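# Structural features, examined
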Protein chains: 2
Amino acid sequence: METQEHPDQTALAEIGEFGLIALLRDTLGEPTDDTVVSGIADDAAVYRVDDERVHVLTTDTLVEGVHFDRAFMPLEHLGFKALSVNVSDVVAMNASPRYATVSIGIPQNISVEMVTTIYEGLKQACEAYDMHIVGGDTNASHGLSLSISVVGTADEDDVVYREGAQVGDKICVTGDIGSSYAGLKVLLRNRERLQEQEEDFEPNLDPYSYVIRRHLAPPAQLKIIQDWADIGAQPHSLIDISDGLSAEVHHICEASAVGAQLYEPALPIDPETRNTATEFGEDVTVYALFGGEDYELVFTMPEDDLDALDPQTYSVVGEVVELEDDDQPVKIQRANGENVPLQPGGFDHFDSPSPQQ
Amino acid sequence: METQEHPDQTALAEIGEFGLIALLRDTLGEPTDDTVVSGIADDAAVYRVDDERVHVLTTDTLVEGVHFDRAFMPLEHLGFKALSVNVSDVVAMNASPRYATVSIGIPQNISVEMVTTIYEGLKQACEAYDMHIVGGDTNASHGLSLSISVVGTADEDDVVYREGAQVGDKICVTGDIGSSYAGLKVLLRNRERLQEQEEDFEPNLDPYSYVIRRHLAPPAQLKIIQDWADIGAQPHSLIDISDGLSAEVHHICEASAVGAQLYEPALPIDPETRNTATEFGEDVTVYALFGGEDYELVFTMPEDDLDALDPQTYSVVGEVVELEDDDQPVKIQRANGENVPLQPGGFDHFDSPSPQQ
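## Some thoughts on the overall build of chain A
- If you tally the helices and strands in chain A, you get 10 helices and 14 strands.
- Along the three orthogonal principal directions, the C-alpha set of chain A runs to about 55 × 55 × 50 Å.
- Out of the 357 residues in chain A, the part that is buried amounts to 52%.
- Summarising the internal contacts of chain A: among those between residues at least 6 apart in sequence, 82% fall at separations of at least 24.

Below, the structure written as structure tokens:
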């Protein structure tokens, strides 16, 4: 595939987001600074501030028309979500968020009142996570965008990376998954019906209130890692779910050089998510594995250590196994007993939905 | 002025960028965290990492069509400049840049090779400033954009704010000013002529090589603050020039509750800048005061302390005086002897150029 303007050059779609990130990492080279504990490899970068403490730093951008649609994303939720997705990356290092900067791109059709509403959502998120926005930047822009950076703190020994998974670990997921994608499906259908002005369409979103909220204002799982700190629990590996459970388990396997066996019946799925998928005539397991934007945590831990955790807060969805096939590190035993290889973005013989709108 | 879509709401142009920032600061409230030394008030936020050391954190975004035009901005320079403008904010706190994250928005007409070229420019800047890009984010976007955050380090006692200017201080500027704006004028004229395909137009940019370089790849003044550290010099107040000397001196005056007296003949202007202004039939003092994007430093210091500095590195352009009139804190004595009030964006009786393209 080639770009139209530059036929001799490579289109981004050809190498994909992860290919691009690998290429840019090579271009920049490895940091030579020995205070840098971890660079472009995990949910957030890690650097030492003294003999014991580290800071983690992450950045994430939400772009109108790519990550959200203003037609159904209330601006207050947008502010809340934009901070949450960054806090989720800090939490996924087992670190506590402290400081944030916000760079907002403002198109001409956005008023002062609308910008203020976004910042009210940001403030709510700051209060929820006990952190502060300490700086930022405002710019004219073609579409609304929010680019946020968050600094978190942790003891160096407490930081958990993707790369620590060990054979025999249980693979666990907090909360439930697939609900954000179910919410997106409902919102997209609603927008379509409103646009078509179907005469008999009376929007009633009550039956979908949970999945819609999960899509519009997902909280980061800060409370979970605070509970772990209180009881002295620490997973071997940890990542948050932005791209879908399957993609995240693949990241853990690649970083840790292990395989994974998942079990479809064990996937934690809310009844509302299940009902929504049924209504759309779709497989709810696809929502759970590939939907993304759940901002729950995936972690691996020895079975014995799990006893200390509150059983209400997580589900065991599989286990870490020896890596047998580099190209197919992850398998899932389906409800019918069949054990099939899983790809980051879909079953080998299933179509996966696109997490993009 | 009202936005078209929301006639009851306030357009951003009505309150301006600084009005918006003040409003957002009110919306967020002051940080209650006692590790936060300085929030949304200066070039960068400041927070403590231990009893002696602080980190500073800043973020800045360059947006295609707003901050740069791909028609004349080589992508390698874009990468260099995007990091430099952030490093300049760190330097303006008298701190040293250490770590950066880059969030890049990539439109469909940008190839892998073009993105890599931008990152080569970022890497050059990292080498120039002895720092590292430790993380980032890639996004699909409607226009090319680079949102960068930089963390810097300093002893808490060494940080210099806008607010420390004292009556009697000399007002000093490093390097020369107005050249970036002169370079922009030449580049815009060149683009226009190329678009019009004037038959007799043979672009010769050699006579403008300095001013063009100043616009496309301005360096941050890290060396200056390193020299100060070596000799133990520390200004009372410090800011970098992104919006033009006049705007920055106004910021210092407002933060420090002082006035300023500037002298037009003392403004450091390169001959190439002067020639360019003459060629365009414009007043070079307007370029120097309001052009912006010079990324030089403005600092105030007692005259006695200046003796320790290398006289090649700065020019005295005025002095800090008692604040007499809140609405007109800054005056400039023009070359003809007349002493006139200065506004942040223009003389009272002069038209100022727009720093936007």
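## A closer look at the environment of Pro107 of chain B
Residues and elements named next belong to chain B.
- On the secondary structure map, Pro107 appears in the loop between β4 (96-106) and α3 (112-129).
- On the basis of neighbour counts, which here come to 15 C-beta atoms within 10 Å, the residue Pro107 falls in the partly exposed class.
- Taking the C-alpha atoms as reference points, Pro107 and Leu144, 37 residues apart in sequence, are found 5.8 Å from one another.
- When near neighbours in sequence (up to four residues on either side) are disregarded, Pro107 contacts Ser141, His142, Gly143 and Leu144.

## What about the domain arrangement of chain A?
Residue and element names in this part refer to chain A.
- Here chain A is described as being made up of domain 1 (31-158) and domain 2 (162-347).
- Counting residues per element, the ones that place at least two in the side of domain 1 that touches domain 2 are α2 (75-91) and α3 (112-129).
- With 9 residues, the single largest contributor to the side of domain 1 that touches domain 2 is α2.
- For the side of domain 1 that touches domain 2, a count of residues per class yields 11 nonpolar, 4 polar and 5 charged.

## Focus: the environment of Asp327 of chain A
- Along the chain, Asp327 of chain A falls in the loop between β11 (314-321) and β12 (330-333).
- With 157 residues separating them in the primary sequence, Asp327 of chain A and Lys170 of chain A have C-alpha atoms 22 Å apart.

## Some remarks on the sheet that holds strand β2 (residues 45-48) of chain A
All names here are of chain A.
- Pairing in this open sheet of 6 strands is mixed, and the strands run β1-β2-β3-β6-β4-β5 from one edge to the other. For this open sheet the edge positions go to β1 (36-38) and β5 (132-140), each flanked by a neighbour on one side alone. The sheet shows a mean angle of 20 degrees between the axes of neighbouring strands, taken without regard to direction.
- The strands touched by α3 within the sheet are β4 (96-106) and β5, with β4 carrying the most contacts at an inclination of about 170 degrees.

## Re the nonpolar core
- With 204 residues, the main nonpolar core has Val56, Met93 and Val298 of chain A together with Val56, Met93 and Val298 of chain B as its most contacted residues.
- Residues contacting Met93 of chain A, with those up to four places away along its chain left out, are Asp42, Asp43, Ala44, Val46, Val56, Gly152, Ala154, Val159 and Val160 of chain A.

## Quick notes on the packing of helix α4 (residues 179-196) of chain A against helix α8 (residues 271-279) of chain A
Residues and elements named next belong to chain A.
- In the contact formed by α4 and α8, the axes pass within 9 Å of each other and the chain directions differ by 45 degrees. In terms of axis orientation, α4 runs oblique to α8. Considering only the axes of α4 and α8, their crossing is left-handed. Residues Ser179, Ala182, Lys185 and Val186 of α4 pack against Thr273, Thr276 and Ala277 of α8.
- Grouping the amino acids of the contact of α4 with α8 by side-chain chemistry returns 3 nonpolar, 3 polar and 1 charged.

## Examining α8 of chain A
Residues and elements named next belong to chain A.
- Restricting attention to buried positions, one finds in α8 the residues Glu272, Thr273, Thr276 and Ala277. Summarising the axial view, the buried residues of α8 lie within an arc of 135 degrees, below the 170-degree limit, and thus occupy one face. Those residues of α8 that are exposed and angled more than 90 degrees off the buried face are Pro271 and Thr278.

## Considerations on the relation of the copies chain A and chain B
- Its rotation angle being 180 degrees, the transformation that places chain A on chain B also includes 0.0 Å of axial translation and leaves an RMSD of 0.0 Å. Viewed as a symmetry operation, the transformation between the two copies matches a two-fold axis.
- Here 100% of the interface residues in chain A have copies in chain B that are interface residues too; the copies meet face to matching face.

## Observations regarding the interface of chain A and chain B
- Between chain A and chain B, the residue contacts involve 62 residues of the former and 63 residues of the latter.
- Those elements giving two or more residues to the side of chain A that touches chain B turn out to be α1 (12-28), β2, β3 (53-63), β4, α3, β5 and β6 (145-155) of chain A.
- Split by residue class, the side of chain A that touches chain B holds 27 nonpolar, 26 polar and 9 charged.

## Topic: the sheet that holds strand β1 (residues 36-38) of chain B
Residues and elements named next belong to chain B.
- The strand order across the open sheet formed by 6 strands is β1-β2-β3-β6-β4-β5, and the pairing between neighbours is mixed. The two strands at the open ends of the sheet, each matched to only one other strand, are β1 and β5 (132-140). Sheet twist, expressed as the mean angle between neighbouring strand axes with direction ignored, is 20 degrees.
- Pairing of strand β3 (residues 53-63) with strand β6 (residues 145-155) involves 11 bridges; the strand directions are antiparallel. Paired with Leu57 across the bridge in β6 is Val151.

## A short note on α1 of chain A
- Between the first and last C-alpha of α1 of chain A there are merely 18 Å, a value that for 17 residues lags more than 12% behind the 24 Å anticipated at 1.5 Å per step.
- Those residues of α1 of chain A lying buried are Leu12, Leu20, Leu24 and Leu28 of chain A.
- In the core, the buried residues of α1 of chain A are packed alongside β4, α3 and β5 of chain B.
- Gly29 of chain A, located one to two residues past α1 of chain A, shows a positive phi value of around 80 degrees.

## Re unusual backbone geometry
Residues and elements named next belong to chain A.
- One non-glycine residue, Asn94, lies in the positive phi region at around 65 degrees.
- In this structure Asn94 comes out as buried when scored by C-beta crowding, with 23 C-beta atoms within 10 Å.
- Here Ala257, not a glycine, exhibits a phi torsion of approximately 55 degrees, which is positive.
- Summarising the element assignment, Ala257 is placed in the loop between α7 (245-256) and β9 (259-263).
- Accessibility expressed as a C-beta count within 10 Å gives 13 for Ala257, which makes it partly exposed.

About the criteria used
Residues numbered from 1 in each chain as written. Chains lettered and ligands numbered in written order. Predicted model: local features only at pLDDT ≥ 70, side-chain atom pairs only at ≥ 80, totals over all residues. Helix = DSSP H or I, 4+ residues; strand = E, 2+ residues; numbered from the N terminus. Buried ≥ 20, exposed ≤ 12 C-beta atoms within 10 Å, placed from the backbone. Contact = placed C-beta atoms within 7 Å. Domains from an automatic or database assignment. Nonpolar A, V, L, I, M, F, W, Y, C, P; charged D, E, K, R; others polar. Pairing = 2+ DSSP bridges. Axes fitted to C-alpha atoms, helices over the stretch in contact; angles between N-to-C directions. Core = buried A, V, L, I, M, F, W, Y, C linked by C-beta atoms within 7 Å. Parallel < 35°, antiparallel > 145°, perpendicular 65-115°, else oblique. Left-handed = near helix turned anticlockwise from the far one by under 90°. Arc of directions from axis to C-beta. Least-squares fit on C-alpha atoms with pLDDT ≥ 70 in both. Expected span 1.5 Å × (residues − 1).

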